[in-house]
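Examining the three-dimensional arrangement
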Amino acid sequence: MVSFTKRSTFKVDLDYRKIASNEIIVYDIELSEFIHRKVSVLKIHHKEPLLSESDILTIFNAFSKGNITDPKAREDHNRLLITHVSEKKTITSSTCLVCNKPVSDKVKAYCLSNDRFKGKIYCYDHQKIVQK
Ligand SMILES: [Zn+2]
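Once a new chain begins, its residue numbering starts again from 1 and follows that chain's sequence as written. Under the rules for a predicted model, residues below a pLDDT of 70 receive no local features and side-chain atom pairs below 80 are neither given nor counted, while totals for whole chains, interfaces and linings still include all residues. As a convention, hydrogens and water are excluded, and side-chain values are obtained from all of the structure's heavy atoms.

Counting seven residues, the largest nonpolar core consists of C96, V103, C111, F117, I121, Y122 and C123. If sequence neighbours within four positions are ignored, Y122 has contacts with C96, L97, V98, V103, V107, C111, F117, Q127 and V130. Nonpolar core, defined: a set of buried Ala, Val, Leu, Ile, Met, Phe, Trp, Tyr and Cys residues in which side-chain atoms within 4.5 Å join the residues together. Accessibility here uses a 1.4 Å probe with only protein chains present; expressed as a share of the type maximum, an area under 20% marks a residue as buried, one over 50% as exposed, and anything in between as partly exposed. It only takes one pair of heavy atoms within 4.5 Å for two residues to be counted as in contact.

What the largest pocket holds in volume is close to 420 Å³. Cavity: a set of points on a 1 Å grid over the protein atoms alone where a 1.4 Å probe fits but cannot get out. Pocket: an open set with protein on both sides within 12 Å along at least five of seven lines, its lining residues, like those of a cavity, having an atom within 4 Å of a point. K38, V39, L42, L50 and L51 are the residues nearest the centre of the largest pocket, which is lined by 15 residues in total. Contributions of two or more residues to the lining of the largest pocket are made by α1 (28-45) and α2 (53-66). Secondary structure counts use DSSP, requiring at least four H or I residues in a row for a helix and at least two E residues in a row for a strand, with both numbered from the N terminus. Top element by residues in the lining of the largest pocket is α1. It accounts for six residues. Here the residues of the lining of the largest pocket sort into nine nonpolar, two polar and four charged. Grid points are joined across faces, edges and corners, and a volume is the space filled by probe spheres set on the points. Residue polarity follows a fixed list, in which Ala, Val, Leu, Ile, Met, Phe, Trp, Tyr, Cys and Pro are nonpolar, Asp, Glu, Lys and Arg are charged, and the others, Gly among them, are polar.

As for its position among the elements, S94 is in the loop between α3 (71-92) and α4 (105-112). Residue classification places S94 among the buried positions, given a relative accessible area of 6%.

We now examine the pattern of salt bridges. Every case where a carboxyl oxygen of Asp or Glu lies within 4 Å of a side-chain nitrogen of Lys or Arg is listed as a salt bridge. Here the structure, examined in full by the defined rule, presents five salt bridges. R37 is the salt-bridge partner of E33, the closest N and O atoms lying 3.0 Å from each other. Taken as a pair, E33 and R37 lie in helix α1 at a separation of four residues, close to a single helical turn. Note on R37: relative accessible area 37%, which makes it partly exposed. Notably, a salt bridge pairs D125 with K128, separated by 4.0 Å at the nearest N-O pair. Taken as a pair, D125 and K128 lie in helix α5 (residues 124-131) at a separation of three residues, close to a single helical turn. Three or more residues joined by partner-sharing salt bridges are found here, namely K72, E75, D76 and R79.

Attention shifts here to a nonpolar patch on the surface. A patch consists of residues whose relative accessible area exceeds 30% and which take part in no salt bridge; residues with like charges are grouped when within 9 Å of each other, and nonpolar side chains (Val, Leu, Ile, Met, Phe, Trp, Tyr) when within 5 Å. Per-residue and other accessible areas follow the Shrake-Rupley method at a 1.4 Å probe size, with only the shown protein chains counted as cover for residues. Together, L42, L50, L51, I56, I59 and F63 line one region of the surface with nonpolar side chains, adding up to about 590 Å² of accessible area. Top contributing element to the nonpolar patch by residue count: α2, with three residues. A relative accessible area of 41% places I56 in the partly exposed class.

What a helix should span is 1.5 Å times the count of its residues minus one. For α2, with 14 residues, the first-to-last C-alpha span of 20 Å sits near the 20 Å given by 1.5 Å per residue. When you tally the buried positions in α2, you get zero out of 14 residues, a small fraction of the element.

With that settled, the discussion passes to the packing of aromatic side chains. Between the rings of Phe, Tyr and Trp (Trp by its six-membered ring), a pair exists once the centres lie within 6.5 Å; its type follows the angle of the planes, with under 30 degrees stacked, over 60 edge-to-face, and the other angles tilted. Taken as a whole and judged by the stated rule, the model has two aromatic pairs. Consider the rings of F117 and Y122, whose centres lie 5.6 Å apart with planes at 45°: the pair is tilted. For Y122, a relative accessible area of 10% translates into the label buried. Put simply, the rings of Y110, F117 and Y122 touch in pairs and so form one group of aromatic residues.

On to the confidence of the model for the protein chain, then. Averaged over every residue, the pLDDT of the protein chain is 81; the share at 70 or more is 80%. Per-element confidence in the protein chain ranges from a low mean pLDDT of 74 for α3 to a high of 93 for α2. Confidence of the prediction at every residue is given by pLDDT, a number between 0 and 100.

Encoded structure:
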């Protein structure tokens, strides 16, 4: 389960959040309710606890050790995320060279893989014009 602050906006497909009773991405304000719900369900299905006290301690220590507290490293990480998101945006916002209408990734991939279009992107209608 991954939790983000309510100040953030999920950039992932909302369908990822709809896996019935198995929510994996939640806002911080939903977190404790979700944990309680999960624990209740697990208690019904398992008489013995799934993890021992020492398992829990091992997991806790692994997370504590993995947590990056260095402010500089955190800043670098954030900057990298912002760069990746903006790069992804420029890649997916592809438009037809003729009419400037946005095209799907499938259409874009088709155009780019076809020498006829010389690395340019055309919508379905304008692909026919290039063909002639
Ligand atoms: Zn077009």
